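Report on the structure
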Protein chains: 2
Amino acid sequence: MLGAVSRDDGSVVRMIDVANAAGVSAMTVSNVINGRPGVSAQTRLRVLATISKLGYQVNLAARHLRAGRTGAVGLIVPDIDRPYYAQLASRLAKGVEERGLHLVVERTGGDAERELEAISFGRLRMYDGVVISPLRVEAADLDQLRFETPVVFIGERPVPETFDHVMMDNVGGARQATRHLLTTGSRRIAIVGGRHDDHVDDMPSLRTRGYRQAHVELGADVDEDLVIEVESFDPASGFQAVKRLHESGIAFDGVFALTDAAATGVLRALADLRLEVPRDVQVIGFDNGKETEFLVPRLSSVEPGNDAMADRVLELLDHRVAAAGDGGDAPDPMTTIVTARLALRESTR
Amino acid sequence: MLGAVSRDDGSVVRMIDVANAAGVSAMTVSNVINGRPGVSAQTRLRVLATISKLGYQVNLAARHLRAGRTGAVGLIVPDIDRPYYAQLASRLAKGVEERGLHLVVERTGGDAERELEAISFGRLRMYDGVVISPLRVEAADLDQLRFETPVVFIGERPVPETFDHVMMDNVGGARQATRHLLTTGSRRIAIVGGRHDDHVDDMPSLRTRGYRQAHVELGADVDEDLVIEVESFDPASGFQAVKRLHESGIAFDGVFALTDAAATGVLRALADLRLEVPRDVQVIGFDNGKETEFLVPRLSSVEPGNDAMADRVLELLDHRVAAAGDGGDAPDPMTTIVTARLALRESTR
DNA sequence: GTGAAAGCGCTAACAC
DNA sequence: GTGTTAGCGCTTTCAC
């Protein structure tokens, strides 16, 4: 049997084997293992000794089948390779493990169908709770869904109010960043990764809205030539964006890059163009990643509060998993927006 | 029941429900779902229609309990946040999903006990196959282990010959990098993250050996003052290392940083010291990460062949999982060393 | 080509 | 404080 654990004699140690060896019933062994009350100290010790002597380990599949608990929390993300998701996964894994559970990471590749599939009935059943950061799924698709597994949504995609939702303050962070550039003398600020049409609720649109808001508030105009749409938000895109801007002869004295990764490419391109940062061009990124303070020049960035987001997600899961376990009333769904702040370094004045 | 899937009337759709609705037995439904032969085309269609009408999904826990297959491959790594592991996870996830399985990522935090625990009998049973990248576990501890789940080890830790093992060419890559610096005129090459005592088989020691080998081959001496041990291999460590070197007044005209992340900090520190790269100091990293070609200056690096490693891991799993499934003979364990090559850019001459 | 019986290893409910 | 009974939903075996 694939995956089965066998001892030297080829047999598998089951709970009943432990029970027989210890001279008790399987139920008592189960009670000991799960720390349930009603077992005498003496019996408990004998059972524990037998367990370690036989090297017994619970069969999680059987427990899952019987008890409905899986011991796993699912994290469903577009991609586990990108720093934002990798860090989210790392933080959640830590928290989930402290609660005696495992984190299972599933990647969708940013595919709408696979996102929906991942939160389908059957797949959710594999988890005690699920955290999903959708990229494409529509609120309308989610509206139909009804399930008992606690689900927390994370990110900027709109989500029906019937779900817990944790989001970063994309608009506010972008607004602060842009305001800083404007108030320190930049007049023509390029937004790398921005959207001309910012009416969809995704990351680039929300950050573009903050950029526009700041302009309106400070009485500045947005030149649509400075709104540079890009495919992906990596260094290569940032690099290309600045190169294109320069080749088009469009003047600019500030850059708001929608991610630190893109900003890395922006800095590289400006160095190639012999433009000095921040004297000729100010640059600010978004994410406040670990690398920012070691770039040349050190990159100013928006700190989105990812730790706080992860903590909040864990809190929400706690509430809901506890309620589901007790059969208690499910708490009202909540939307949390974590505030962003600026981390200013050498790339801005 | 937590995690249970319920329909509007609160009931759960089981295989037997599908069977009743389609007027067949559960066994026939099972045969249809698993694509087993011996079901007439007509019956098959009727069953499939009923399945989609009732929205039935197999209960994976029950299947797992009965069949012993889990549909999951485990990846056990010290940390999922670090780019090397994140990329490994991403690549493996893709490959595993192509095979109709899931990748479950577990992090150990680099703790020896937790690494051992993760490959214990009970935990392995959760997976059809396991990939583990240990950081601390000793070969002696592994020697005792005997299990039927296919396990592939990855990384530089020594592993008993009874296991499949995929490693990158740490020594060879470091040797090439150092040779390049030496043959292009550097005489005093600092190794950031190196080890004075390189007799343990871990990443820093192996790369240090390559560094020493290159020196021996080219008749150069290693000054132990240039071997800088660091705590972690992040930008901050690289930055500190160069600062300390400079403050001690130790001359150097080349830096081999054991990771690109450390090299990022090295470049930053050299910029602070107004040392020009590569004129005054040549710098080379290791990993050939995506960011390297956008740093200022563009970083030369050792390309370790991570894609090839991931492909090889998948290949090995394929063989072993297939053998375990068929009850066929297990293939002989193999050790694969993936060759490294240099990716030269602006930071070297 | 299809179905009935048995049981995977565990735990909830209840009896003693 | 401990044991007995039953059954979670599926698949293996074997009979028809």
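A quick note: this is a predicted structure, and the numbers were derived from the prediction, not measured.

Let us now look at the pairing of strand S1 (residues 72-77) of chain A. Residue and element names in this part refer to chain A. In terms of burial, S1 is a largely internal element, 6 of the 6 residues being buried. Every second residue of S1 is oriented toward a common face, with Ala72, Gly74 and Ile76 on one face and Val73, Leu75 and Val77 on the other, all of them buried. Pairing of S1 with strand S2 (residues 102-107) involves 6 bridges; the strand directions are parallel. Within the sheet, the bridge partner assigned to leucine 75 lies in S2 and is valine 105. Pairing geometry for S1 and strand S3 (residues 129-132), over 4 bridges, is parallel. Residue pairing across strands places isoleucine 76 opposite isoleucine 132, the latter belonging to S3.

Moving on to the sheet that holds S2 of chain A. Residues and elements named next belong to chain A. Spatially, the 6 strands line up as an open sheet ordered S2-S1-S3-S4-S5-S11, and their pairing is parallel. Looking along the sheet, the strands with just one partner apiece sit at the ends: S2 and strand S11 (335-338). Each strand of the sheet is rotated relative to its neighbour by a mean of 20°, with strand direction disregarded.

Time to look at the relation of the copies chain A and chain B. Turning chain A through 180° and shifting it by 0.1 Å along the axis lays it on chain B, with an RMSD of 0.2 Å. Look at the turn and shift together and you get a two-fold axis relating the two. In this assembly the copies share their binding face: 100% of the residues contributing to the interface of chain A also contribute to that of chain B.

Time to look at the domain arrangement of chain A. Residues and elements named next belong to chain A. Partitioning chain A into domains gives domain 1 (6-58), domain 2 (70-168 + 306-339) and domain 3 (170-303). Look at where the C-alpha atoms of domain 2 and domain 3 centre, and you get two points 30 Å apart. Taken together, the 5 residues of domain 2 in the interface contact 9 residues of domain 3. Summed over both sides, the interface between domain 2 and domain 3 buries roughly 680 Å², with carbon and sulfur atoms accounting for 45% of that surface. By the criterion of area lost to domain 3, the three top residues of domain 2 are Glu156, Arg157 and Met168, representing 63% of everything that side buries. Taken together, domain 2 and domain 3 are joined by 0 salt bridges. Run the count over domain 2 and domain 3 and you get 3 residue pairs in polar contact (both at pLDDT 80 or more).

Let us now look at the protein's contact with DNA strand D. Taken together, 23 residues surround DNA strand D, and among them Thr43 and Arg66 of chain A together with Met15, Met27 and Tyr56 of chain B come closest. In DNA strand D, atoms within 4 Å of the protein come from the sugar-phosphate backbone in 68% of cases. Interatomic distance of 3.5 Å between a side-chain N/O atom of arginine 36 of chain B and a phosphate oxygen of DNA strand D. Measuring from a base oxygen of DNA strand D, one finds a side-chain N or O atom of arginine 66 of chain B at 3.1 Å. Counting residues per element, the ones that place at least two in the surface near DNA strand D are helix H2 (26-33) and helix H4 (60-67) of chain A together with helix H2 (26-33) and helix H4 (60-67) of chain B. At 3 residues, H4 of chain B tops the list of elements feeding residues into the surface near DNA strand D. Its residues assigned to classes, the surface near DNA strand D shows 9 nonpolar, 9 polar and 5 charged.

The rules behind these values
- Residues numbered from 1 in each chain as written.
- Chains lettered and ligands numbered in written order.
- Predicted model: local features only at pLDDT ≥ 70, side-chain atom pairs only at ≥ 80, totals over all residues.
- Heavy atoms only, no water.
- Buried < 20%, exposed > 50% of the residue type's maximum accessible area, 1.4 Å probe, protein only.
- Helix = DSSP H or I, 4+ residues; strand = E, 2+ residues; numbered from the N terminus.
- Pairing = 2+ DSSP bridges.
- Axes fitted to C-alpha atoms, helices over the stretch in contact; angles between N-to-C directions.
- Least-squares fit on C-alpha atoms with pLDDT ≥ 70 in both.
- Contact = heavy atoms within 4.5 Å.
- Domains from an automatic or database assignment.
- Buried area = accessible area lost by both parts, 1.4 Å probe.
- Salt bridge = Lys/Arg side-chain N within 4 Å of Asp/Glu carboxyl O.
- Polar contact = N/O pair within 3.5 Å; in protein donor to acceptor, adjacent residues only side chain to side chain.
- Near = heavy atom within 4 Å.
- Nonpolar A, V, L, I, M, F, W, Y, C, P; charged D, E, K, R; others polar.

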